Amino acid sequence: MDDDKKLTSKDFLNQLVAKHYEGALQAKAEGKPVVWATSICPQELLETMDLATVYPENHAAAIGARKGALEFIENAEGKGYSSDNCSYARVNLGYADIQKAEAQDIPMPDLLFCCSNICNTVIKWYENLSKTLQIPLILFDMPFNHTYEVPEHSIRYMRGQIEYAIGQLEDFTKRKFDYDKFGEVMELSNATCEWWKKATDWAKVIPSPLNGFDMFNYMAMIVCMRGNADGHRLFKMWHDELEAKAKAGLGPWNSAEEQYRVMWDGIACWPHLSTTFKALKKYGINMVTSTYPDSWNVRYEKNDLSGMAKAYASNYANRNLDYDEDNVVRLVKDFSLDGIVYHSNRSCKLMDFRQYEIQRRVEAATGIPSVVFDGDQTDPRAFSEAQYETRIQALVEMMEENKEARRKG
Amino acid sequence: MYLGIDIGSTSTKAALIDGKANLVAQKVVNIGTGTNGLELVLAELLHEAGLTMEDVVYTVATGYGRLLCDVADKQITEISCHAKGVSYLVSGTGTIIDIGGQDSKVIRLDPLGRVANFAMNEKCAAGTGRFLEVMGRVLGCKLDELSDLAGASTREIQISSVCTVFAESEVISQLSMGTRREDVAKGALVSIAKRVAGLCKRVGVEPKVVMTGGVALNKNMVEAMSRELKEDVQAAPYTQAVGAIGAALFAMEAAEKKENNNG
Ligand code: SF4
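Residues numbered from 1 in each chain as written. Chains lettered and ligands numbered in written order. Predicted model: local features only at pLDDT ≥ 70, side-chain atom pairs only at ≥ 80, totals over all residues. Heavy atoms only, no water.

A. Structural context of the nonpolar core. In this structure, Trp36, Leu45, Phe113 and Phe216 of chain A are the most contacted members of the largest nonpolar core, which totals 148 residues. When residues in this core are grouped by element, the largest group, nine residues, is from helix α10 (residues 212–224) of chain A. When we break this core down by domain, the ones giving at least three residues each are domain 1 (2–83 + 241–262) and domain 2 (92–235) of chain B. Discounting chain neighbours no more than four positions away, the residues touching phenylalanine 216 of chain A are Trp264, Gly266, Ala268, Trp270, Leu273, Met287 and Tyr292 of chain A. (Core = buried A, V, L, I, M, F, W, Y, C linked by side-chain atoms within 4.5 Å. Buried < 20%, exposed > 50% of the residue type's maximum accessible area, 1.4 Å probe, protein only. Helix = DSSP H or I, 4+ residues; strand = E, 2+ residues; numbered from the N terminus. Domains from an automatic or database assignment. Contact = heavy atoms within 4.5 Å.)

B. Inspection of unusual backbone geometry at higher detail. The amide bond that connects isoleucine 206 of chain A to the next residue, proline 207 of chain A, takes the cis arrangement and shows omega of -10°. Along the polypeptide, proline 207 of chain A turns up in the loop between α9 (179–201) and α10. Here the residue pair proline 207 of chain B and lysine 208 of chain B is connected by a cis peptide bond, since its omega of -15° sits within 30 degrees of zero. Tracing the sequence through the fold places lysine 208 of chain B in the loop between α6 (181–203) and β9 (209–212). At alanine 21 of chain B, a position not held by glycine, the phi torsion is positive, near 65°. Along the chain, alanine 21 of chain B turns up in the loop between β2 (12–17) and β3 (23–29). Residue classification places alanine 21 of chain B among the buried residues on the basis of a relative accessible area of 18%.

C. How the structure looks around the sheet that holds strand β2 (residues 52–54) of chain A. Residues and elements named next belong to chain A. With parallel pairing, the four strands of this open sheet are ordered in space as β2-β1-β3-β4. Single-partner strands in this sheet number two, and they are β2 and β4 (137–140). Each strand of the sheet is rotated relative to its neighbour by a mean of 20°, with strand direction disregarded. In this structure, strand β1 (residues 34–37) lies alongside strand β3 (residues 111–115), joined through three bridges in parallel fashion. Note that in β3 the partner of valine 35 across the bridge is leucine 111. (Pairing = 2+ DSSP bridges. Axes fitted to C-alpha atoms, helices over the stretch in contact; angles between N-to-C directions.)

D. Just the sheet that holds strand β5 (residues 260–265) of chain A, in detail. Residues and elements named next belong to chain A. Taken in spatial order, the four strands make up an open sheet running β6-β5-β7-β8, and their pairing is parallel. With one partner strand each, in any of the chains shown, β6 (285–289) and β8 (370–375) form the two edges of the open sheet. The mean angle between the axes of side-by-side strands here comes to 35°, regardless of whether they run parallel or antiparallel. The pairing of strand β7 (residues 339–345) with β8 spans six bridges and is classified as parallel. Paired with valine 341 across the strands is valine 371, a residue of β8.

E. Representation of the interface of chain A and chain B in the model. Facing 21 residues of chain A, the contacting portion of chain B comprises 21 residues. For the pair chain A and chain B, the two sides together bury roughly 1900 Å², of which 46% comes from carbon and sulfur. If you look at where chain A meets chain B, you find three salt bridges. Linking lysine 257 of chain B and glutamate 404 of chain A is a salt bridge whose minimum nitrogen-to-oxygen distance equals 3.8 Å. If you look at where chain A meets chain B, you find seven residue pairs in polar contact (both at pLDDT 80 or more). Those elements that provide at least two residues to the side of chain A that touches chain B are α16 (349–366), β8 and α17 (385–408) of chain A. With twelve residues, the single largest contributor to the side of chain A that touches chain B is α17 of chain A. Residues belonging to the side of chain A that touches chain B are distributed by class as follows: eight nonpolar, five polar and eight charged. (Buried area = accessible area lost by both parts, 1.4 Å probe. Salt bridge = Lys/Arg side-chain N within 4 Å of Asp/Glu carboxyl O. Polar contact = N/O pair within 3.5 Å; in protein donor to acceptor, adjacent residues only side chain to side chain. Nonpolar A, V, L, I, M, F, W, Y, C, P; charged D, E, K, R; others polar.)

See below:
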């Protein structure tokens, strides 16, 4: 208990990141199988089966943030992968070949676990891994939801695939699936997601106790630890810290005050994280939210397989334009936003494709200004600092005009 | 006196206005950020106005070089400065099209002349002054001759590549097939107009449509733009100095605000 008092969630986060990767490397060394999985997949199954799992998207982001991505990207491009492919895929496909990264090593997989509720790119990416490494692939095919609500047939389709995957996992591990444990994991995953959501919701307070760029860091753990006790403890701890900060009226930073509140649409620019952060902070802009708090708010009742299927089928990235519009408009209101920064991410066609239209609709519905800048989540070559700075400053000028107009009534 | 400086990628502009917002002088030199363009343009400007830096109360810098401009009291983006400058020069402007050396932007103004929305070309040189420069090089003419060349076109040819590098080789092969230079020049202007029209549609076009920047000196370009948008398009007066004029107006406002706060 005493240790708990001294330990901050940030320390604990760092410990868990290290533990996560060490655990997976250790498992491999002991001859246990390792799984590579996509970021919003039904990890409950893997957790129940006690399978060491790493997440290539997380890993690629970590390599990107430590400025090591180019080596892997160039390797993948050298093998013929177009630079138009997602850079997470290029980093990972490069890593699968080089198998060594200064930033962070991961064990090579024995099983692939892929859910296309985030995009279609992951299907071909994982198929290629499966073929090259000659290992099995468990695929959850999650077609895009063209209707506002997720249709019943999609939920049934997902449920069927979850049930089928349980059998595939039993075959792979030659062990029986433990349904009691599954129930516990479901319960824990839901509780962790709830703390994640509640923690990020503290940013609704003005000033926000949360610096949104911290959220990017914690995100890595909601991807890979939501089904275990460590993850649960981390997010509760983070929540409590933010609650205390909010109640004390503390803002996001010690050295500056929050003057504008924005949403960041899209993934971070990992190789330019500090540049993108500092340019915002310089003007007192705090990124208070994004679409991510909801992405990992994967919620359903314990032992409700259809509920779980629905939760995974409902991921934001897989929803139609009208839903996205309502979602962002709601964020503008709930988080009292002054503006929006859209990251036109060269990697992620799925997110970019809808961006201009969402921008147009959200502007019409809310009247708040926004800017689009060019970048990439892990490819350092697709970003210009001067262009970014100009757009951010222009956003400040527009937000300031609005504030001025409000002051004058 | 209030000074506005616009340091772009290929040119540097400066403007002076007096306390009643009258334009006193404006100057353009055709070298941009990272050169001695700033010293040159200031020397010419002050000489013409018969003034010295001592007479300047407040300075605002804009353009890509704005953050490195140490004579400025404040930096404001070219987006806001173009909006300010155009609203001052052409009342009732709804949309501004600025085709610059490195980027193009379209700014939609609200009825009060404030920036309502804007879009800039992303990722590449297509639809920028750079594209025209490359075309000029292939056609063996200067940028300002391109307009006249295009004016003598009798047949419209299509340059279908949006990428500047691809378009260059497309044009070379057109020329080697015997296509007239005039027609290629026209094709280049239309190609830019099409790209920029795409940006316009993103922010929504509101009349009056006003073009700024060096490319707007090219009257065939303005015409091509107008045809693409099916809207009347006019070039702003002092088209190259619009950003600097806007910056000078902001300088005046900032100085007044400062005075009010102090007094
Ligand atoms: S960044 Fe986009 S394209 Fe890449 S894996 Fe994620 S969702 Fe798919």
